[in-house]
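# Coordinate analysis (summary)
Listed below, chain by chain, are the residues.
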Amino acid sequence: MKYAFFPGCSLESTAWDFKKSTLSVCAALRLELHEIADWICCGSTPAHASNASLAVALPVFSLLRARDMGMPVMAACASCYSRLRTANYKITHDPAECSRAERITGMPYDGSVQVQHILDVLANDLGTEEIRRNVSHPLGGLKVACYYGCLLSRPPEIVAFDDPEYPTCMEEVLRVVGAEAIDWPYKTECCGASLSITDPDVVRRLGYRLLSMAHRAGAECIAVACPLCQSNLDLRQADIGKSFGEVPEIPILYITQLLGLALGLSVDELALEAPAVDAMPLLAKHGILNPAEGGKRS
Amino acid sequence: MNDTLEWRDIAFLREVERLSGTPVSACVQCHKCSAGCPIGREMDLLSSQIMRLIHLGGEEEVLKCRSIWLCASCEACTSRCPMGIDVATVMDTLRILAARRKLRVPGKRGETFYRSFLSSVRRHGRIFELGMLTAYKFRCFDFLTDLDKARKLLAKRKLSVLAPRSANVAQVTEIFQRADEEERNR
Ligand code: SF4
Ligand code: SF4
């Protein structure tokens, strides 16, 4: 299976570990990714909150480049995924948006380039059976809380690859690789997203709710598929403890990092040294990594 | 919030409906949007109250509230509204109107962040985080908040000190110019 890969800005900086682990996992599962040449920023919240025309035109520019590649687009960042899908939705549902985008980008576009998130590709295109066949190092019952955040399942008219209020595809993937996906009530709650720049206090409060609930529900780590979810829960964990009282450290790992471990990929290939909260002790405890061999797979 | 606000006129409702493309009139005040809003606790007006104020023509009350800048665009309200109102897009429209009318808004930091972010995209085609954050901090005169996070990010190679390889910068600049024109004609 071939995909036109849209990494997006976060995967080039704060989420470089998400990019690296995505590329490693896809290679191991024989999913061919071809990065869209000269893709540009999707505009994210600053575009849709300040210029509605720009919020459609920026994604369309990259989608036009993907169209020439003749493959569906795959994004890993939940925000990019949501913006690309939203642009397609507007173009196909509102002729005025369609002609406006054409005037801005200088090229006609009918909204037909398919856009998928990596979770959708893994759970639905590839399927859990195929993933199971590739597992060489099962995760030994590691207890994981799957955290989807806002944009992977909402709004349902625009994304729709899983249930909007109670998605389960991440759990399905993690279960077949030997983790124990615990149930918890906050899997689609918001982490505060880019409020972390303007109103970090709000983000700390939301983060505390998420971390303490995950902990009480029995999770040893949290799996995410969005760079903002990852950094708001990981980078701010120490601060959250200071403001609201200690919650035991919970590593925040990308789904691709956890999946990659089960496929036998190395710490380096999965950039497991990148998160601020060190995951190595937990992985060693479960015999997933062997600390005596410098963190090599046991 | 002014509890005794009486109906003023319909111009503001019509303007918000036209720009957002969503039927604010259909709101039945069930408050489902507010009940699920993760930021509700910090908001001065809840989203359902904002819908009602739009009905009543409370332009000033709505455009000067802090809530519109606190909305995290999580889409919970939009997904759950039984009347199919795209509440999150209404919040976007209100931010756009507040900025357009140059109101002295309580959410200055939000607007400043959007501007810093977009000028980075305009210049590089992609986000140059370090440059964008520095510009934002200069505009807000806030240099100390989260300095330790920046240090951690640098240590983890999560903040690049070099601007990203600019893609099609000339074309991106044109896109911004034309998008600004289109917005003026909306
Ligand atoms: S959920 Fe919809 S109908 Fe109910 S109060 Fe909110 S906007 Fe109005
Ligand atoms: S999109 Fe904004 S208003 Fe709606 S629920 Fe989320 S934070 Fe609240």
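Now for a description of the structure that goes with this document. (Residues numbered from 1 in each chain as written. Chains lettered and ligands numbered in written order. Predicted model: local features only at pLDDT ≥ 70, side-chain atom pairs only at ≥ 80, totals over all residues. Heavy atoms only, no water.)

## Regarding the site of ligand 2
- If you check the shell around ligand 2, you find B:C37, B:P38, B:I39, B:C71, B:A72, B:S73, B:C74, B:E75, B:C77, B:A88 and B:M91 and nothing else.
- The class makeup of the residues in the shell around ligand 2 is nine nonpolar, one polar and one charged. (Near = heavy atom within 4 Å. Nonpolar A, V, L, I, M, F, W, Y, C, P; charged D, E, K, R; others polar.)

## Details of the site of ligand 1
All names here are of chain B.
- What surrounds ligand 1 is a group of 14 residues, the closest being C27, C30, H31, C33 and C81.
- For the shell around ligand 1, the secondary structure elements donating two or more residues are α2 (32-35) and α3 (47-56).
- Classifying every residue of the shell around ligand 1 gives ten nonpolar, three polar and one charged. (Helix = DSSP H or I, 4+ residues; strand = E, 2+ residues; numbered from the N terminus.)

## A few points about the pairing of strand β5 (residues 143-146) of chain A
Residue and element names in this part refer to chain A.
- Bridging between β5 and strand β6 (residues 180-182) involves three bridges; their strand directions are parallel. Across the sheet, the residue bridging to K143 is E180, located in β6.
- Handedness of the crossover is the feature at issue here: the chain leaves β5, passes through helix α8 (residues 169-176), returns alongside β6, and the resulting connection is right-handed.
- Across three bridges, β5 lies against strand β7 (residues 221-224) in parallel orientation. Along β7, the bridge assignment pairs C146 with A223. (Pairing = 2+ DSSP bridges. Right-handed = clockwise from strand over helix to strand, strands pointing away.)

## Comments concerning the sheet that holds β7(A)
Residue and element names in this part refer to chain A.
- Within the open sheet, the four strands sit side by side as β6-β5-β7-β8. Their pairing is parallel. The sheet is open, and its two borders are formed by β6 and β8 (252-254), each paired with just one other strand. Averaged over all neighbouring strand pairs, the angle between strand axes comes to 40°, with direction disregarded.
- Docked against the sheet, α8 engages β5, β6 and β7, running at close to 160° with respect to β5. (Axes fitted to C-alpha atoms, helices over the stretch in contact; angles between N-to-C directions. Contact = heavy atoms within 4.5 Å.)

## What to know about the interface of chain B and chain A
- The interface of chain B with chain A comprises 53 residues on the first partner and 59 residues on the second.
- Buried surface at the junction of chain B and chain A, summed over both partners, amounts to about 5200 Å²; 58% is from carbon and sulfur atoms.
- In this structure, A:D199 engages B:R66 in a salt bridge whose closest nitrogen and oxygen atoms are separated by 3.9 Å.
- For the pair chain B and chain A, the number of links is 15 residue pairs in polar contact (both at pLDDT 80 or more).
- Within the residue set of the side of chain B that touches chain A, elements represented by two or more residues are α5 (67-70), α6 (76-80), α7 (87-100), α8 (108-124), α9 (129-140), α10 (147-155) and α11 (169-185) of chain B.
- Considering every element that reaches the side of chain B that touches chain A, the biggest residue donor is α11(B), with nine residues. (Buried area = accessible area lost by both parts, 1.4 Å probe. Salt bridge = Lys/Arg side-chain N within 4 Å of Asp/Glu carboxyl O. Polar contact = N/O pair within 3.5 Å; in protein donor to acceptor, adjacent residues only side chain to side chain.)

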